[in-house]
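Each chain, letter by letter, is given below.
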Amino acid sequence: RIVASSEIEQSYIMIKPDGVQRGLVGEIISRFEKKGFLLKGLKLFQCPKELAQEHYKDLNERPFFPKLIEYITSGPVVCMAWEGAGVVASARKLIGATNPLQAEPGTIRGDLAVQTGRNVIHGSDSPDNGKREIALWFKEGELAQWESVQSPWLI
Ligand code: RTP
């Protein structure tokens with residue numbers, strides 16, 4: 001069937017500084033491309049502290065919050081907006097559990113990481129947060145308007 005446009009959602013996916021430093025950018029982008037989602041935004045970016053704090057504001061009472069902010073701002077990140085039907089939940093599956101030791105083999109964290117505090121990648125946890133985070137990390141005009149050559153989405 002052809003997926004209705006109302007089912008299309010976007011997820012904010014970010015390769016964290018450890019993923020960039022370890023040379024995992026190509027491998028991670030490739031997994032999303034091969035899965036079949038559409039890349040709408042992509043940039044290498046040094047995140048200011050205020051932006052990291054806003055992005056993770058729901059965690060600001062947690063004991064690990066200062067370390068998390070230090071980690072996310074410790075080097076460039078790769079910011080991505082991926083689009084498709086069900087992309088938010090699917091990306092969470094591709095990424096795997098927050099603790100990489102509990103992440104299934106075959107997932108990004110399961111294959112490429114060992115520490116929760118160095119877990120390589122972020123993915124939005126709901127379509128609403130996908131919208132919120134893409135608006136937070138990308139400026140007007142930074143997202144591309146294009147369709148995949150394989151469109152419309154066929155299942
Ligand atoms: P993310 O937002 O980065 O995709 O991660 P998540 O939903 O899987 O996990 P969440 O609970 O939202 O935590 C956000 C990030 O904070 C770091 N963290 N450290 N030291 C700790 O106990 C701890 N717990 C979480 C991780 O980088 C996690 O991805």
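On a predicted model such as this, the values are computed, not experimentally measured, just so you know. (Residues numbered from 1 in each chain as written. Predicted model: local features only at pLDDT ≥ 70, side-chain atom pairs only at ≥ 80, totals over all residues. Heavy atoms only, no water.)

Quick look at the UniProt feature "binding site: ATP" (unreviewed entry) in the protein
This chain's UniProt record puts "binding site: ATP" (unreviewed entry) on Lys16, Phe64, Arg92, Thr98, Arg109 and Asn119. Its place among the elements puts Phe64 in the loop between α3 (49-55) and α4 (65-72). Here Asn119 lies in the loop between α6 (108-112) and β4 (121-123). Leaving out residues up to four positions away in the same chain, Asn119 has contacts with Lys16, Asp18, Tyr71, Thr98, Pro100, Arg109 and Ala113. Separated by 2.8 Å, the side chains of Asn119 and Lys16 make a polar contact. (UniProt positions renumbered as here; feature names shortened; annotations may be inferred. Helix = DSSP H or I, 4+ residues; strand = E, 2+ residues; numbered from the N terminus. Contact = heavy atoms within 4.5 Å. Polar contact = N/O pair within 3.5 Å; in protein donor to acceptor, adjacent residues only side chain to side chain.)

So, the sheet that holds strand β2 (residues 38-45)
Adjacent strands of a sheet pair through backbone hydrogen bonds, lying either parallel or antiparallel. The four strands are arranged β2-β3-β1-β4 in an open sheet whose pairing can be described as antiparallel. The open sheet has two edge strands with one neighbour each: β2 and β4. Neighbour-to-neighbour, the strand axes of this sheet turn through a mean angle of 15 degrees, independent of strand direction. Of the strand pairs in this sheet, β2 and strand β3 (residues 77-85) are connected by seven bridges, and their pairing is antiparallel. Bridge assignment links Gly41 to a residue of β3, and that residue is Ala81. (Pairing = 2+ DSSP bridges. Axes fitted to C-alpha atoms, helices over the stretch in contact; angles between N-to-C directions.)

Things to note about the site of the ligand
In the vicinity of the ligand, the residues found are Lys16, Tyr56, Leu59, Phe64, Leu68, Arg92, Thr98, Arg109, Thr116, Asn119, His122 and Gly123. The contact in question runs from an oxygen atom of the ligand to an N or O atom on the side chain of Lys16, over 2.8 Å. At 2.9 Å from an oxygen atom of the ligand is found a side-chain nitrogen or oxygen belonging to His122. When grouped by side-chain class, the residues that make up the shell around the ligand number four nonpolar, five polar and three charged. (Near = heavy atom within 4 Å. Nonpolar A, V, L, I, M, F, W, Y, C, P; charged D, E, K, R; others polar.)

Some remarks on the UniProt feature "domain: Nucleoside diphosphate kinase-like" (unreviewed entry) in the protein
Following the UniProt record, the feature "domain: Nucleoside diphosphate kinase-like" (unreviewed entry) maps to residues 8-145 here. End-to-end, the C-alpha atoms of residues 8-145 are 14 Å apart, and along that stretch the chain is 41% helix and 20% strand.

Structural notes on the nonpolar core
Nonpolar side chains tend toward joint burial in soluble globular proteins. Counting residues in hydrophobic clusters, the biggest one holds 21 residues, and the most contacted among them are Ile13, Ile28, Phe32, Met80, Trp82, Ile108 and Ile121. Those elements giving two or more residues to this core turn out to be β1 (8-15), α2 (25-35), β3, α5 (87-95) and α6. Sort the elements by how many residues they give to this core and α5 lands first, with four residues. Among all residues touching Ile28, those that are not within four sequence positions of it are Ile15, Ile108, Leu112, Val120 and Ile121. Counting residues in hydrophobic clusters, the runner-up holds 17 residues, among them Cys47, Tyr56, Phe65 and Ile72. (Core = buried A, V, L, I, M, F, W, Y, C linked by side-chain atoms within 4.5 Å. Buried < 20%, exposed > 50% of the residue type's maximum accessible area, 1.4 Å probe, protein only.)

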